[in-house]
Amino acid sequence: MDTGFSLAELAEHTGSRLQGDSGFRCYAVASIEQAQASDISYIRGGKFRHYLQSSQAGALILPPDLAADYSGHCLVNPDPYLAYAKVVTLFYPTTRPAAGVHPTAVIADDVVLGEGVSIGAGCVLGAGCQIGADTCIYPNVTLGYNTQVGQRCIIHSGAVLGADGFGFAPDRGMWYKIPQVGNVVLGDDVEIGANTTIDRAALGSTRIGNGVKLDNLIQIGHNTQIGDYTAIAACTAVAGSVQIGRHCQIAGMCAIAGHLSITDHVIVTGTSMVSHSITQAGVYSSGTSVTENAVWRKNAARFNQLDKLARRLAELEKQLADLQNKDTH
Amino acid sequence: MDTGFSLAELAEHTGSRLQGDSGFRCYAVASIEQAQASDISYIRGGKFRHYLQSSQAGALILPPDLAADYSGHCLVNPDPYLAYAKVVTLFYPTTRPAAGVHPTAVIADDVVLGEGVSIGAGCVLGAGCQIGADTCIYPNVTLGYNTQVGQRCIIHSGAVLGADGFGFAPDRGMWYKIPQVGNVVLGDDVEIGANTTIDRAALGSTRIGNGVKLDNLIQIGHNTQIGDYTAIAACTAVAGSVQIGRHCQIAGMCAIAGHLSITDHVIVTGTSMVSHSITQAGVYSSGTSVTENAVWRKNAARFNQLDKLARRLAELEKQLADLQNKDTH
Amino acid sequence: MDTGFSLAELAEHTGSRLQGDSGFRCYAVASIEQAQASDISYIRGGKFRHYLQSSQAGALILPPDLAADYSGHCLVNPDPYLAYAKVVTLFYPTTRPAAGVHPTAVIADDVVLGEGVSIGAGCVLGAGCQIGADTCIYPNVTLGYNTQVGQRCIIHSGAVLGADGFGFAPDRGMWYKIPQVGNVVLGDDVEIGANTTIDRAALGSTRIGNGVKLDNLIQIGHNTQIGDYTAIAACTAVAGSVQIGRHCQIAGMCAIAGHLSITDHVIVTGTSMVSHSITQAGVYSSGTSVTENAVWRKNAARFNQLDKLARRLAELEKQLADLQNKDTH
């Protein structure tokens, strides 16, 4: 990184058009607020146009409409965020741990590890686990028996894959444990966040598709299936036997009830409760946002009268119509 | 499992009536959608009646009303789910780890372990812990000092019992830490999910009753008491000094505020906020479910006008009554 | 503790006025419900005045107004909760683990540890970590490379600091991982709860200010900044690039969306969704509390008609006004 990269090199690496001095060298990547004269940064779109004036960055990655208004050095790219991601990768190529199994990791005898797998300190892999090539498992991850992980996956610290699903049959006021004898199967290029839990299936497999990205502290229930390239943000809970489609985006702290289906290309905004299946692609939401507590208290109290208010409204409409009729005749 | 079980054996094991060929052999258990001719499956109730036609299962466990309409091999049981659980247990009897303490576990000198206890790799048990007979602690569990665990409990990976409760006294704009010197006490037959946290009491004990089942990623605050046979689903947060009764069912991602009581046999549905005590058995709910984002945005905005809308409605009622009176006289 | 403390000693330690016998000895601290004749307990305020009669405690810590009505031994203090905290500290002075690194902890070669640091069993500290003096890290904590922790911090078991932030650029229907090459920086006197996760910044630092207290199972996204002396209760999710001010109190299971700011001295009540910046100190809330399921179902259904109801109300107001006008003329 001492010699940095020329704008020409960065343009080629990101497939961008170059505007300004092709020999200009950038020595680091920085956020638009913090970038200095030796840094490259990016502006994602017109909403942040004001940074064109105020940024101290030596070079910028810009979409064509912003580049047209910019006289400094820049890379012009229809997708500045992706180009930025590729520049960061170029500057910081080796953030992943080296391949190999840390001596404190506890790996069952019959575990199958692909080429280039990295398994961190304190990890525990149960019998029958299979880990695909170039997968990285950070320290203190636990994989229950028979967990299958694809190639090029990343599993962050504290994640637990393959604990028992939550299955109990009521039995004379007590709970009879239903054996959870399935497993967890991850596709290729999956990323699992820190302290996220994915339960093994009761029978069969809990499946996470290729390219799925799960953030931290997410719960995935037993037998749930998540389609390829779906991303889920932190603290979301997905109950058991849920089918989530491909290319979905579920925001943080959503709750998805059991035994329902969400089709492909569905976006669910933060803190939503999904209690019925979603059969059409689109954006879905629930919940209400903060207001001053004094205002909220009144409105929240009214929420619990809502049905009565609606009935009073209907009654008023009826009475007014009667009055209008009388008036007319 | 090579020789499977005859329907007669399964009927006896589950206390079911048998319909069809008592010598018919089942070789595996499968879900109703995936079961094949050598498998036994189950249908829980009339809601899933259509599977009577479509299922490929060799045998079914059915409630009496469905069995009356079924001509194939079946076990007839008023509680098919419980009978199914018992069949799964018969087919897959040994999913629990063997007894013993893994050499990488770190156990304080004075810990008392009952007969048949299994403690997995990477577990850490602090001073004064007591673990009852036949309890299974999966890898990477942490038990703080003086934690007491009953018999036949299961604690899944990543769970932390006995971390300090969240207790701080405001002190000139800063926080003065209140020592948390109590402990955590679990009854018998308790199951604790992966990455669930149960804090030690400030003074005294945080108590989890017999037969309580906690799912993954649940938080139980200090000094909270959970009654026997209560079950709580994933990602629910129970604050400190809460009293939850016996035989309750709390669904996923609920939030239960501190210092309140919930009586026995209460059911709370998913994502509910419990901010006052519940003194009557029954089913309780809060929250709203997803709709299309465009619809939701309008309704959520109206939520913040709800008290004003209610006042306008009351004013309208008054005015209409005046008008009707005038009209009459 | 065998000899206990005299009321005079406790008065001096807590800066309280003494009422009753200064030589009276207390041998333990207990909650107001459980305290016996040899215990000291406390009453925080008038809401709990009835305990003046019923408590069996040998001595009490009371605010002046309650002390005026009490004839037993007591310490009089304007802040009984803080005085109680100091008494507990006196009785139970040594709950923190001894200094030193447990032999099973895995510490990178270049980690810098201050004086008196305690690092528990199974902890993993990546390259470049720096831990300030007298900090205590409980067992099974994971700190990613370059994590900086201040002095006198406490990090509870299962916490993960410095896992990758959740940053992906859409790339032809797939996700291109944006390297997360920043770090996590904790100030002094910070406490981090069990299984809480704090992600490393994409670039730069995720910063937790001095004296910040985070409860269990909290998620802090990449590049977020939390101001000094702010406290956050369990299961709250803070997305990325959030700025939270100083002296804030965020209750449990709140969700704070990305890229927004919360000013100083803001209180957010439990289960709130913060989806816009908060620029004024005060108390903020959202959500609705549980009611009987049958009532809730009707009200929740009406919620999804709220905008229509509001429009019908406006229409009624218009028609009634027309009618009143007609009536007048």
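What you are looking at is a predicted structure, and each value in this text was computed from that prediction instead of being measured.

## What to know about the pairing of strand E36 (residues 282-285) of chain B
Part 1 of the argument: Looking at chain direction, strand E34 (residues 266-268) of chain B and E36 of chain B are connected through three bridges and run parallel. In the sheet register, Val-268 of chain B faces E36 of chain B, and the bridge partner there is Tyr-284 of chain B.
Part 2 of the argument: Pairing analysis gives two bridges linking E36 of chain B to strand E37 (residues 291-292) of chain C, with the strands arranged antiparallel. Residue Tyr-284 of chain B lies in a different strand from E37 of chain C, and its bridge partner there is Glu-292 of chain C.

## A closer look at the side chain of Thr-135 of chain B
All names here are of chain B.
Part 1 of the argument: Note that Thr-135 resides in the loop between strand E13 (130-131) and strand E14 (136-137).
Part 2 of the argument: For Thr-135, a relative accessible area of 0% puts it in the buried group.
Part 3 of the argument: Apart from residues lying up to four places away in sequence, Thr-135 is in contact with Arg-96, Gly-116, Val-117, Ser-118, Val-149, Gly-150, Gln-151, Arg-152 and Cys-153.

## Concerning the packing of aromatic side chains
Part 1 of the argument: Enumeration according to the criterion identifies 24 aromatic pairs over all chains in this entry.
Part 2 of the argument: Note on Phe-48 of chain B and Tyr-51 of chain B: the rings are 6.5 Å apart at their centroids and 25° apart in plane angle, and the pair reads as stacked.
Part 3 of the argument: Among the residues examined, Tyr-51 of chain B registers a relative accessible area of 17% and is labelled buried.
Part 4 of the argument: On the basis of an interplanar angle of 20° and a centroid distance of 6.1 Å, the ring pair of Tyr-81 of chain C and Tyr-84 of chain C is categorised as stacked. Here the residue Tyr-81 of chain C and the residue Tyr-84 of chain C both occupy positions in helix H4 (residues 80-91), the gap between them amounting to three residues, near one helical turn. The same class applies to Tyr-81 of chain C and to Tyr-84 of chain C, which are both buried.
Part 5 of the argument: One aromatic cluster is present, built from ring pairs that chain together Phe-5, Phe-91 and Tyr-92 of chain A.
Part 6 of the argument: In this structure, Lys-86 of chain C is placed above the aromatic ring of Tyr-176 of chain B, and the distance from its NZ or CZ to the ring centre is 5.9 Å.
Part 7 of the argument: Against the face of Tyr-145 of chain C rests Arg-200 of chain C, its NZ or CZ located 3.6 Å from the ring centre.

## Digging into the pattern of salt bridges
Part 1 of the argument: If you walk through the whole model with that rule in mind, you get 30 salt bridges over all chains.
Part 2 of the argument: A salt bridge links Lys-177 of chain A to Glu-191 of chain B; the shortest N-O distance between them is 3.0 Å. In this pair, Lys-177 of chain A sits in strand E20 (residues 174-177) while Glu-191 of chain B sits in strand E22 (residues 191-192), so the two residues belong to two different chains.
Part 3 of the argument: On the basis of relative accessible area, Lys-177 of chain A is assigned to the partly exposed category, the value being 23%.
Part 4 of the argument: One salt-bridge network, held together by shared partners, links Asp-164 and Lys-177 of chain A together with Glu-191 of chain B.

## Re the interface of chain B and chain A
Part 1 of the argument: Across the boundary between the two partners, chain B contributes 69 residues, which contact 71 residues of chain A.
Part 2 of the argument: For the pair chain B and chain A, the summed buried surface comes to about 5700 Å²; carbon and sulfur atoms form 66% of the total.
Part 3 of the argument: Counting the surface chain B buries against chain A, the share from its top three residues, Met-253, Val-290 and Phe-303 of chain B, is 12%.
Part 4 of the argument: Joining chain B to chain A, the criterion identifies three salt bridges.
Part 5 of the argument: Between Glu-317 of chain B and Arg-312 of chain A there is a salt bridge, with its nearest N and O atoms 2.8 Å apart.
Part 6 of the argument: For the pair chain B and chain A, the interface holds 26 residue pairs in polar contact (both at pLDDT 80 or more).
Part 7 of the argument: Contributions of two or more residues to the side of chain B that touches chain A are made by helix H4 (80-91), strand E25 (213-214), strand E28 (231-232), strand E37 (291-292), helix H5 (293-303) and helix H6 (306-328) of chain B.

## Observations regarding helix H1 (residues 7-14) of chain B
Residue and element names in this part refer to chain B.
Part 1 of the argument: All of the buried residues along H1 are Leu-7, Leu-10, Ala-11 and Thr-14. All buried residues of H1 project into a common sector of 100° when viewed along the axis, lining one side.
Part 2 of the argument: Count one or two residues on from H1 and you reach Gly-15, which has phi positive near 65°.

## Describing the relation of the copies chain B and chain A
Part 1 of the argument: You can overlay chain B on chain A at an RMSD of 0.1 Å; the transform is a turn of 120° with a shift of 0.0 Å along its axis. Accordingly, the operation relating the two chain copies is best matched by a three-fold axis.

## What to know about the environment of Trp-296 of chain B
Part 1 of the argument: Along the chain, the position of Trp-296 of chain B falls in helix H5.
Part 2 of the argument: Taking relative accessible area as the criterion, Trp-296 of chain B reaches 14% and is therefore assigned buried.
Part 3 of the argument: With residues up to four places along the chain from it excluded, the contact list for Trp-296 of chain B reads Ser-285, Ser-286 and Gly-287 of chain A, Thr-291 of chain B together with Met-273 and Phe-303 of chain C.
Part 4 of the argument: Only 2.7 Å separates the side chain of Trp-296 of chain B from the backbone oxygen of Gly-287 of chain A, close enough to count as a polar contact.

## Description of the packing of helix H1 (residues 7-14) of chain C against H4 of chain C
Residue and element names in this part refer to chain C.
Part 1 of the argument: Viewed as axis vectors pointing N to C, H1 and H4 meet at an angle of 120°, and their least axial separation amounts to 9 Å. With respect to their mutual orientation, H1 and H4 come out oblique. As for the relative orientation of H1 and H4, their crossing is right-handed in sense. Across from Leu-10, His-13 and Thr-14 in H1, the residues of H4 making contact are Ala-83, Lys-86, Val-87, Leu-90 and Phe-91.

## Description of the sheet that holds strand E2 (residues 17-19) of chain C
Residue and element names in this part refer to chain C.
Part 1 of the argument: Spatial strand order, E2-E7-E6-E5-E4: five strands in an open sheet with mixed pairing. Edge positions in the sheet fall to E2 and strand E4 (28-29), since each has one partner strand and no second.
Part 2 of the argument: Bridging between strand E6 (residues 59-62) and strand E7 (residues 73-76) involves four bridges; their strand directions are parallel. Following the sheet pairing, Ala-59 is matched in E7 by His-73.
Part 3 of the argument: Sheet strands in contact with H1 are E2, strand E5 (39-42), E6 and E7, and its direction is about 10° off that of E7.

## Description of the interface of chain C and chain B
Part 1 of the argument: On the chain B side, the residues contacting the 69 residues of chain C number 71 residues.
Part 2 of the argument: Here chain C meets chain B over a buried area of about 5700 Å², counting both sides, of which 66% is carbon and sulfur.
Part 3 of the argument: There are three salt bridges connecting chain C and chain B.
Part 4 of the argument: A salt bridge links Asp-307 of chain C to Arg-302 of chain B, with the nearest nitrogen and oxygen atoms 2.7 Å apart.
Part 5 of the argument: Applying the counting rule to chain C against chain B returns 26 residue pairs in polar contact (both at pLDDT 80 or more).
Part 6 of the argument: Looking at the side of chain C that touches chain B, the elements with two or more residues in it are H4, strand E25 (213-214), strand E28 (231-232), E37, helix H5 (293-303) and helix H6 (306-328) of chain C.
Part 7 of the argument: In terms of residue count, H6 of chain C provides more of the side of chain C that touches chain B than any other element does, 12 residues in total.
Part 8 of the argument: Of the residues belonging to the side of chain C that touches chain B, the class tally is 34 nonpolar, 25 polar and 10 charged.

Thresholds, definitions, all that
- Residue positions are given per chain, counted from 1 along the sequence in the order it is written.
- Chain A is the first chain written and ligand 1 is the first ligand written, with later ones labelled in order.
- Residues qualify for local features only when their pLDDT is at least 70, as the model is predicted, and side-chain atom pairs are given and counted only at 80 or more; totals for whole chains, interfaces and linings, by contrast, use all residues.
- By convention in this description, side-chain values take in all heavy atoms of the structure and omit both hydrogens and water.
- Strands were regarded as paired on the criterion that DSSP finds at least two bridges between them.
- Every helix listed is a DSSP run of H or I at least four residues long, and every strand listed is a run of E at least two residues long, numbered separately from the N terminus.
- Between buried and exposed lies partly exposed: a residue is buried under 20% and exposed over 50% of the maximum accessible area for its type, with that area taken using a 1.4 Å probe on protein chains only.
- It only takes one pair of heavy atoms within 4.5 Å for two residues to be counted as in contact.
- Stacked, edge-to-face and tilted labels apply to pairs of Phe, Tyr and Trp rings (six-membered ring for Trp) whose centres lie within 6.5 Å, assigned for plane angles under 30 degrees, over 60, and everything in between, in that order.
- Working rule: Lys NZ or Arg CZ, within 6 Å of ring centre, within 35 degrees of ring normal, means a charge sits over the ring.
- When a carboxyl oxygen of Asp or Glu is within 4 Å of a side-chain nitrogen of Lys or Arg, the pair counts as a salt bridge.
- Each of two parts loses accessible area, computed with a 1.4 Å probe, when they are put together; buried area is these two losses added.
- Any N or O atom pair separated by 3.5 Å or less is treated as a polar contact, with the protein-specific requirement of one donor-capable and one acceptor-capable atom, and with residues adjacent in sequence counted only for side-chain atom pairs.
- Picture the helix axis, draw a direction to every C-beta atom, and the arc is the one those directions span.
- The fit set for superposing copies consists of C-alpha atoms from residues with pLDDT of at least 70 in both; the fit itself is least squares.
- Under this scheme, a helix contributes an axis fitted over its contacting stretch, all axes are lines through C-alpha atoms, and angles between N-to-C directions fall in the 0 to 180 degree range.
- Here the word oblique covers every angle except those under 35 degrees (roughly parallel), over 145 (roughly antiparallel) and from 65 to 115 (roughly perpendicular).
- Definitions for this section: a left-handed crossing has its near helix turned counterclockwise from the far helix by less than a right angle. A right-handed crossing has that turn clockwise.
- Think of it as three bins: nonpolar holds Ala, Val, Leu, Ile, Met, Phe, Trp, Tyr, Cys and Pro, charged holds Asp, Glu, Lys and Arg, and polar takes everything else, Gly as well.

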